[in-house]
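# Examining the three-dimensional arrangement
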Amino acid sequence: MNAVRLPANEAANETSMQSALSECVSRTVRRYLADIGDTECSEGLHALVIREVEGPLLREVLAFHEGNQSRAAAALGINRATLRKKLAAHGLV
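Looking at an unreviewed UniProt entry, one finds the protein named Putative Fis-like DNA-binding protein, with Luteibacter rhizovicinus as its source organism. According to the UniProt record, the Sequence similarities (unreviewed entry) comment for the protein reads "Belongs to the transcriptional regulatory Fis family."

So this is what it looks like as C-alpha cells:
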C-alpha cells in the first residue's frame with residue numbers, strides 16, 4: 001500500500017487543503033476557458049491540464065521530500081518506477 005500517514009495536525013486540515021486545491025484548479029480552468037472562448041484546445045483540455053499540473057506536482061513533492069524518490073512516490077500513491085518514468089517524461093531527472 002502506498003498510503004502516507006499524515007501527522008494528526010495535518011490530517012485535520014486535509015479536507016480544507018483538498019478544497020483549496022480544488023478551488024484553485026476550478027478558478028484556473030474557468031479563466032483558461034474564458035481566455036480561449038470557443039477555440040478548441042488541439043490536444044484536448046484534459047491532456048493539457050494533466051501536462052501543465054503533473055510537472056510542478058512532481059517537482060514540488062520531490063523537493064518536499066528532499067529528493068527522496070521512494071518517499072515522494074509513496075506520498076503520490078505511485079510506485080518508484082512510475083515516478084521515475086514521469087520525472088523523465090517531464091525532464092526532471
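## Overview of the packing of helix H2 (residues 45-64) against helix H4 (residues 80-89)
Two packed helices can be described by the angle between their axes and the distance between those axes. For the pair H2 and H4, interaxial distance at closest approach is 10 Å and the crossing angle is 120 degrees. Considered as vectors, H2 and H4 are oriented oblique to each other. Note on packing geometry: the crossing formed by H2 with H4 is left-handed. Residues Glu54, Leu58 and Leu62 of H2 touch H4, and the partners they reach there are Leu83, Lys86 and Leu87. Looking at the contact of H2 with H4, its residues break down into 4 nonpolar, no polar and 2 charged.

## Brief notes about the environment of glutamate 54
Locating glutamate 54 in the fold gives a position in helix H2. On the basis of relative accessibility, which here comes to 19%, the residue glutamate 54 falls in the buried class. Taking the C-alpha atoms as reference, glutamate 54 lies 8.5 Å from lysine 86; in sequence the two are 32 residues apart. Contacts of glutamate 54, omitting those with residues within four sequence positions, involve Lys86 and His90. Separated by 2.8 Å, the side chains of glutamate 54 and lysine 86 make a polar contact.

## Section: the nonpolar core
Membership of the largest hydrophobic core is limited to 8 residues, which are Leu58, Val61, Leu62, Ala72, Ala73, Ile78, Leu83 and Leu87. Considering each element in turn, this core owes the most residues, 3 residues, to H2.

## Re the pattern of salt bridges
Scanning the entire structure with this criterion turns up 5 salt bridges. Across the pair glutamate 23 and arginine 30 runs a salt bridge whose closest N-O atoms are separated by 3.5 Å. Salt-bridge contacts for glutamate 52 lead to arginine 51; the nearest nitrogen and oxygen are separated by 2.8 Å. Accessibility expressed as a relative area gives 41% for arginine 51, which makes it partly exposed.

Calculation rules
Per-chain numbering applies: the sequence of each chain, read as written, is numbered from 1 onward. Per-residue local features of the predicted model are confined to residues with pLDDT of at least 70, and side-chain atom pairs are confined, for both listing and counting, to 80 or more; whole-chain, interface and lining totals are unaffected and use all residues. Hydrogens and water are ignored here; the side-chain numbers use all heavy atoms of the structure. UniProt positions are given in the numbering used here, feature names are shortened, and annotations may be inferred rather than shown by experiment. Structural elements are reduced to axes, namely lines fitted to C-alpha atoms, with helices fitted over the stretch in contact, and the angle between N-to-C directions of any two is expressed from 0 to 180 degrees. By definition, any uninterrupted DSSP run of H or I lasting at least four residues is a helix, any uninterrupted run of E lasting at least two residues is a strand, and each is numbered from the N terminus. Note on terminology: angles under 35 degrees are roughly parallel, angles over 145 are roughly antiparallel, angles of 65 to 115 are roughly perpendicular, and the others are oblique. Each crossing gets its handedness from the near helix: less than a right angle anticlockwise from the far helix is left-handed, clockwise is right-handed. Note on contacts: a residue pair is in contact if any heavy atoms of the two residues lie within 4.5 Å. Each residue receives one of three labels: charged for Asp, Glu, Lys and Arg, nonpolar for Ala, Val, Leu, Ile, Met, Phe, Trp, Tyr, Cys and Pro, and polar for the others, Gly being one of them. Only protein chains enter the accessibility calculation, which uses a 1.4 Å probe; a residue whose area is less than 20% of its type maximum is buried, one above 50% is exposed, and one in between is partly exposed. In the analysis that follows, any N or O atom pair within 3.5 Å is treated as a polar contact, provided that within protein one partner can donate a hydrogen and the other can accept it, and provided that, for residues neighboring in sequence, both atoms belong to side chains. We call a set of buried residues a nonpolar core when its members are Ala, Val, Leu, Ile, Met, Phe, Trp, Tyr or Cys and they connect through side-chain atoms within 4.5 Å of each other. Salt bridges are defined by distance alone: a side-chain nitrogen of Lys or Arg within 4 Å of a carboxyl oxygen of Asp or Glu.

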